[in-house]
Every structure is written in structure tokens, then in C-alpha cells.
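# Inside the fold
Residues per chain are reported as follows:
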Amino acid sequence: MPHSAPAAPVLCTFANNDELQTALANFIVRAQKESIEKKGRFTVAVSGGSLPKQLAGLINNPAVKWDKWQVFYADERVVPLDHEDSNHLLNTRELFSKVPLPPQNIHTIDPALADDLEELADAYEKELIREFAMKDSARFPIFDLVLLGIGPDGHTCSLFPGHELLSEEDRWVAYIEDSPKPPPRRVTLTFPVLNHAARVAFVAAGAGKADVLHTILDEPEQGLPASRVRPVSPGHLYWFTDEAAAAKVQYPKTPFKL
């Protein structure tokens, strides 16, 4: 059955970062509640960069049911898990070490496979299959929520402008050896996975994101990687930004409400 066209992005802007973090936490809790009521668990993919810091509103939040979360990485650098470049270390430092999320519910790459990127990506794909394939039987996993950031070049996850991975249509997890941003060796979820999620939320703050956010939202025809994240129906796409990041955006803003 053909999918209907993706829903238009919902852009919510906030006066400052505190308001953004509070709204984002409320949004995540609402998504969690709906997911747990529907199937007893909450599947989430997170990225690195500035995103983990923006999840501070989940810390000491009694509405978060951490034991129901299954957390995967939207992308990861192929380094030891305690390395400074690791998204796992970043998320652990900013969030997971401060909340009662069971360690077995955090799905990391296997650094023992670092010498063979294809094997490492396959192993992480199998980790996804264990969580999703039998429960949600679909061609691609359907995450309840994917949380993403953007780079100044418009990349998201480890999907970079002009890279051949932008056209990957089959794999759930792909590897990259030539990332234009160090470190060069990474694994990443692919567009088909991102675009089958129930909800994708981008988070962008600060004036440094103003130019690229304008291009992503106002000129999607330029094809920047973040512009290509458009979940198929019934999925939804949200942008949580502060006013500084959205300063140049013409795209219509939507008042935040749950």
C-alpha cells in the first residue's frame, strides 16, 4: 500500500533555552505515555552533539518511566565507549548517569568489532532487529521517537551533504569511513529508518544554527540531509528551536501545545 505524503514539519520556537528544554521534556513524556499505553515500552534513538544537554528537563522528572525505555544511538563514532568522541559517553555524562535508566536498556555499538566496520554495523542492525522485528513486524523499525540535532552544514546523524549514504535504501544501519567531520569512522541509522519513525524531533539552539535552519526549512529543495528527514504517514516531524536559531526562518511557526 503506498504511503501518503509526509506530514509537514511542525516548527516550535521558544524565547530561551530553558523554555525549550521544558517543552521538549513535556513532549517526550507525552510520547512516552502514548507508547507505553499502546505497547508497554518506549523506543528512542538519540544522537550526540548539543542534543544530550537539551534533555536536562528529563532529569528528576517523576513522569519519566525509565524502566520502559529502550535507547539506541541514531549514530555513533567508532571509538571505545569511554572515549571523548563517543556519543554514548556524552549521553551518559549529560543524562544517563543522572537518571535511573537500566544499563541493559541502553544499546551501544560493540567496540570489539571496531576493526571491521561492516561487521560492526551488521551487529548493531541485529540489535535493532532483536528489539523491533518480531514486535512491530515491518520492513523497517518504527521508533517511537528519534531525537536529532543538526550540524552547520545541514548534516544529521552521520549523514553528510553529498555523501553516497544519502541514497541508501535498504540497510537499517550503515557505516562511514570518510566522515568530513572527525572522527572519520562512524555508524549511522539510515534515512529509511529515520523516515519510518512515529515521531522525529530536531533540536536546534543558538544563532550559529540560523543560516542552516533557514536553508533546511525554507529551501528543502537544496536537499541538505536534515531536509530529507520527512517521516512517512502516520509519522510526524517536529522542530524545537530557540528564537536565535529560528531568526532567519520564514517557515510558519506553530505555538507549542500538547
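See the structure printed just above.
Here goes a summary of the coordinates provided. (Residues numbered from 1 in each chain as written. Predicted model: local features only at pLDDT ≥ 70, side-chain atom pairs only at ≥ 80, totals over all residues. Heavy atoms only, no water.)

## Side note on the overall build of the protein chain
- Of the regular secondary structure elements, the protein chain holds five helices and nine strands.
- Along the protein chain, helices (α) and strands (β) appear in the sequence β-α-β-β-β-α-α-β-β-β-α-β-α-β when read from the amino end.
- Taken over the C-alpha trace, the protein chain has a radius of gyration of 17 Å; the compact-globule value for 258 residues is 18 Å, and the two agree within 12%.
- By its C-alpha atoms, the protein chain is 45 × 45 × 45 Å across when sized along the principal axes.
- When each of the 258 residues of the protein chain is scored for burial, the buried share is 54%. (Helix = DSSP H or I, 4+ residues; strand = E, 2+ residues; numbered from the N terminus. Rg over C-alpha atoms; globule rule 2.2 N^0.38 Å. Buried < 20%, exposed > 50% of the residue type's maximum accessible area, 1.4 Å probe, protein only.)

## Observations regarding the environment of A31
- Positionally, A31 belongs in helix α1 (residues 17–39).
- With 167 residues separating them in the primary sequence, A31 and A198 have C-alpha atoms 9.4 Å apart.
- In contact with A31, other than residues within four places in its own chain, are F42 and R199. (Contact = heavy atoms within 4.5 Å.)

## Brief notes about the side chain of R199
- In this structure, R199 sits in strand β8 (residues 199–204).
- Residue classification places R199 among the buried positions, given a relative accessible area of 12%.
- Of the polar contacts made by the side chain of R199, one reaches the backbone oxygen of D144; its length is 2.8 Å.
- Non-local contacts of R199, meaning those with residues more than four positions away in its chain, are made with F27, A31, E34, S35, F143, D144, L145, V146, H236 and Y238. (Polar contact = N/O pair within 3.5 Å; in protein donor to acceptor, adjacent residues only side chain to side chain.)

## Brief notes about the sheet that holds strand β6 (residues 173–176)
- In spatial order, the strands read β4-β7-β6; together these three strands make up an open sheet with antiparallel pairing. Of all the strands in the sheet, the pair left with one neighbour each is β4 (75–77) and β6. For this sheet, the mean inter-axis angle between neighbouring strands, taken without regard to orientation, is 20°. (Pairing = 2+ DSSP bridges. Axes fitted to C-alpha atoms, helices over the stretch in contact; angles between N-to-C directions.)

## Focus: the packing of aromatic side chains
- Applying the stated rule across the entire model yields 12 aromatic pairs.
- Relative to F240, the ring of F14 has its centre 6.1 Å away and its plane inclined at 5°; by these criteria the two rings are stacked. Remark: F240 occurs in strand β9 (residues 236–242) and F14 occurs in strand β1 (residues 10–14); sequence separation between them is 226 residues. An identical accessibility class is assigned to F14 and F240; each is buried.
- Lying over the aromatic face of F140, R139 brings its terminal NZ or CZ to 4.4 Å of the ring centre. (Phe/Tyr/Trp six-rings, centres within 6.5 Å; stacked < 30°, edge-to-face > 60°. Lys NZ or Arg CZ within 6 Å of the ring centre and 35° of its normal.)

## Topic: helix α2 (residues 87–94)
- Restricting attention to buried positions, one finds in α2 the residues N87, H88, L89, N91 and E94.
- Next to the buried residues of α2 lie β2 (42–46), β3 (69–73) and β4.
- A side-chain oxygen of the first residue of α2 lies 3.0 Å from the backbone nitrogen of H88; this N-cap is S86.

## Things to note about the sheet that holds β2
- Spatial strand order, β1-β9-β8-β5-β2-β3: six strands in an open sheet with parallel pairing. Looking at strand neighbours, the two that pair on one side only are β1 and β3, the edges of this open sheet. With direction set aside, neighbouring strand axes in the sheet form an average angle of 20°.
- Bridge count for strand β5 (residues 145–148) against β8 is three bridges, and the pairing is parallel. Looking across to β8, one finds that L147 is bridged to A201.

## Here we look at the pattern of salt bridges
- Tallying each qualifying case throughout the model produces 12 salt bridges.
- For the salt bridge of R199 with E34, the shortest nitrogen-to-oxygen distance reads 2.8 Å. Note that R199 is positioned in strand β8 and E34 in helix α1, a separation of 165 residues in sequence.
- Judged by its relative accessible area of 33%, E34 falls in the partly exposed class.
- Salt-bridge contacts for K39 lead to D144; the nearest nitrogen and oxygen are separated by 2.6 Å. On the criterion of sequence distance, the pair formed by K39 in helix α1 and D144 in the loop between α3 (117–136) and β5 is long-range, its members being 105 residues apart.
- The exposure class of K39 is partly exposed, given its relative accessible area of 28%.
- Judged by relative accessible area, which is 6%, D144 ranks as buried. (Salt bridge = Lys/Arg side-chain N within 4 Å of Asp/Glu carboxyl O.)

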